[in-house]
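# An overview of the molecular structure
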Amino acid sequence: MNRIRTIARNLAANNVDALIITNMSNVFYVSGFTGSAAMVVITERDASILVDSRYTLQAKRQCEDLDVVEFSAMSVFEAATKILERSDPKRVGVEADYMTMSDYGKLVKFAEGKYQICSTSGIVERLRCVKDAKEIEAVRAAIRISDTVFRAMRYEIKPGVTEKHMAAFIDNAMRELGADGTAFSTISASGPNTALPHAYPTDRPIQAGEFYLADYGARLNMYNSDITRTFFVGEPNAKQYEIYDTVLTAQKAAIKAIRPGKTGAEIDKVARDIIAYAGFGDCFGHSLGHSLGIDTHDGAGFSPKSSLVLKPGMVITVEPGIYIEGFGGVRIEDDILVTENGCEVLTDCDKERIIL
Ligand SMILES: [Mn+2]
């Protein structure tokens with residue numbers, strides 16, 4: 001597989017002779033394995049996937065380009081060490097962002113006197129940032145599901161319906177449309193609860209004259225979508241309009257600024273400046289957007305400190321918000337694909353003042 005060859009070629013540049021991959025999204029990305037537990041060991045000359053007996057057959061089917069090693073009779077760290085010894089590496093990288101202290105302690109025992117364990121970060125994630133054609137199609141398919149749910153849900157949102165009911169409606173509709181599951185725990189908030197960027201759905205009924213906000217996504221064939229829309233329930237007031245229009249203006253301006261070569265910080269600034277100029281600078285605390293793919297938060301994105309340089313093939317969310325305690329909040333989120341000349345908005349849902 002190309003991805004393994006790329007990582008093997010880059011080992012020296014990352015100052016290691018071999019790499020142990022334990023993050024399951026990274027395992028899937030390099031091997032195609034969709035199970036819940038495995039380890040991948042990549043050396044300059046070979047690649048192995050270590051699984052327990054539950055997954056031996058599945059790994060043999062899914063991972064044609066890797067040696068499948070069943071480790072059930074011994075510790076996975078002992079099995080990894082036996083594989084590594086064949087190429088006698090001096091420095092073996094582990095994914096420091098995911099390996100627990102406990103696992104590190106176990107690996108140290110087997111590594112002693114044989115190789116040095118080295119901390120690495122982001123080797124696979126940096127590759128994952130730029131999606132290939134097949135991955136982009138997978139994200140599009142997940143987005144088609146969440147888009148369809150959006151068109152159905154507007155008829156379900158009405159005074160008296162609870163946040164939990166709406167969350168159940170959204171989740172069920174995605175399943176009915178073929179999703180493998182939700183991308184993350186659906187956010188469904190009404191009235192003052194919309195001021196919490198990551199609100200959890202409660203038994204509170206939606207009331208007329210309030211905002212209703214839904215942030216949800218579908219997971220399909222290991223890839224995810226992520227969309228947020230904020231609705232007016234009943235006739236909006238002037239302050240609601242002002243907040244909504246400011247967020248929408250900021251969101252559209254940021255999308256318009258996206259093109260290869262720009263940095264994540266530059267795009268974030270476009271939206272943040274518009275929100276600050278309107279007087280809501282203190283009401284937008286989170287970053288503008290994140291990469292989207294195998295994980296909903298798939299890596300770097302748009303934030304004040306992001307040094308990510310945009311490249312065609314990156315899929316990133318654009319989701320500015322304004323949150324006012326006791327009043328409510330607005331967030332509008334689309335998923336975009338960076339293209340050769342700019343970007344394509346992958347989500348296809350109405351976002352002009354949606355009054356129900
Ligand atoms: Mn998001």
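On a predicted model such as this, the values are computed, not experimentally measured, just so you know.

One can find Tyr 200 in the loop between strand 8 (187-190) and strand 9 (210-216). Separated by 33 residues in the primary sequence, Tyr 200 and Ala 167 have C-alpha atoms spaced 9.4 Å apart.

Judged by nonpolar contacts, the single largest core of 105 residues is most densely connected at Ala 38, Val 40, Val 41, Ile 49, Leu 50 and Ala 80. Ranked by residue count, the leading element in this core is helix 7 (residues 133-153), at seven residues. In terms of domain composition, this core takes at least three residues from each of domain 1 (2-128) and domain 2 (133-345). Apart from residues no more than four positions distant in its own chain, Leu 50 is found in contact with Ala 38, Met 39, Val 41, Val 69, Phe 71, Val 76, Ala 79 and Ala 80.

Across the sheet, three strands lie side by side as 15-18-19; this open sheet has antiparallel pairing. Each edge of the open sheet carries a strand with a single partner, namely strand 15 (315-318) and strand 19 (343-345). Shown here is a sheet whose adjacent strand axes are inclined to one another by a mean of 35°, direction ignored. Judged from the three bridges that link them, strand 18 (residues 334-338) and strand 19 form a sheet pairing that is antiparallel. Across the sheet, the residue bridging to Leu 337 is Glu 344, located in strand 19. Most of the contacts of helix 9 (residues 238-257) go to strand 15, to which it runs at about 155°, and overall it touches strand 15, strand 18 and strand 19.

Let's shift gears to the packing of helix 7 against helix 8 (residues 163-176). Put simply, helix 7 and helix 8 touch, their axes get as near as 9 Å, and they point 135° apart. Of the possible angle classes, the one that applies to helix 7 and helix 8 is oblique. As helix 7 runs across helix 8, the sense of the crossing is right-handed. Note on element contacts: helix 8 touches helix 7 through Phe 169, Ile 170, Ala 173 and Met 174, opposite Ile 145, Ser 146, Val 149, Ala 152 and Met 153.

Under the 1.5 Å per step criterion, the end-to-end length of helix 10 (residues 264-277) is 20 Å for 14 residues, consistent within 8% with the ideal 20 Å. Packed against the buried residues of helix 10 are helix 9, strand 14 (301-302) and strand 16 (321-324). Phi turns positive one or two residues past the end of helix 10, at Gly 279, with a value near 95°.

This part is about the sheet that holds strand 5 (residues 91-95). Reading across from one edge, 4-3-2-1-5-6 is the order of the six strands in this open sheet, with mixed pairing throughout. Both edges of this open sheet fall to strand 4 (67-70) and strand 6 (116-120), since each of them pairs with a single strand only. Along the sheet, successive strands turn relative to each other by an average axial angle of 25°, direction set aside. Where strand 3 (residues 47-51) and strand 4 come together, four bridges link them in parallel fashion. Considered in strand 4, the bridge of Ser 48 is made with Asp 67.

Moving on, we come to unusual backbone geometry. Phi at Asp 88 takes a positive value of approximately 45°, unusual for a residue other than glycine. Its location among the elements puts Asp 88 in the loop between helix 4 (76-85) and strand 5. Of note, Met 222 is a non-glycine position whose phi angle comes to about 80°, a positive value. Looking at the element boundaries, Met 222 is found in the loop between strand 10 (218-220) and strand 11 (223-224). In this structure Met 222 comes out as partly exposed when scored by C-beta crowding, with 17 C-beta atoms within 10 Å.

Mapped onto the elements, Arg 5 comes out in helix 1 (residues 2-10). For Arg 5, a count of 12 C-beta atoms within 10 Å translates into the label exposed. Sequence separation of Arg 5 and Leu 356 is 351 residues, and the distance between their C-alpha atoms is 53 Å.

Procedures and definitions
- Residues numbered from 1 in each chain as written.
- Predicted model: local features only at pLDDT ≥ 70, side-chain atom pairs only at ≥ 80, totals over all residues.
- Helix = DSSP H or I, 4+ residues; strand = E, 2+ residues; numbered from the N terminus.
- Core = buried A, V, L, I, M, F, W, Y, C linked by C-beta atoms within 7 Å.
- Buried ≥ 20, exposed ≤ 12 C-beta atoms within 10 Å, placed from the backbone.
- Domains from an automatic or database assignment.
- Contact = placed C-beta atoms within 7 Å.
- Pairing = 2+ DSSP bridges.
- Axes fitted to C-alpha atoms, helices over the stretch in contact; angles between N-to-C directions.
- Parallel < 35°, antiparallel > 145°, perpendicular 65-115°, else oblique.
- Left-handed = near helix turned anticlockwise from the far one by under 90°.
- Expected span 1.5 Å × (residues − 1).

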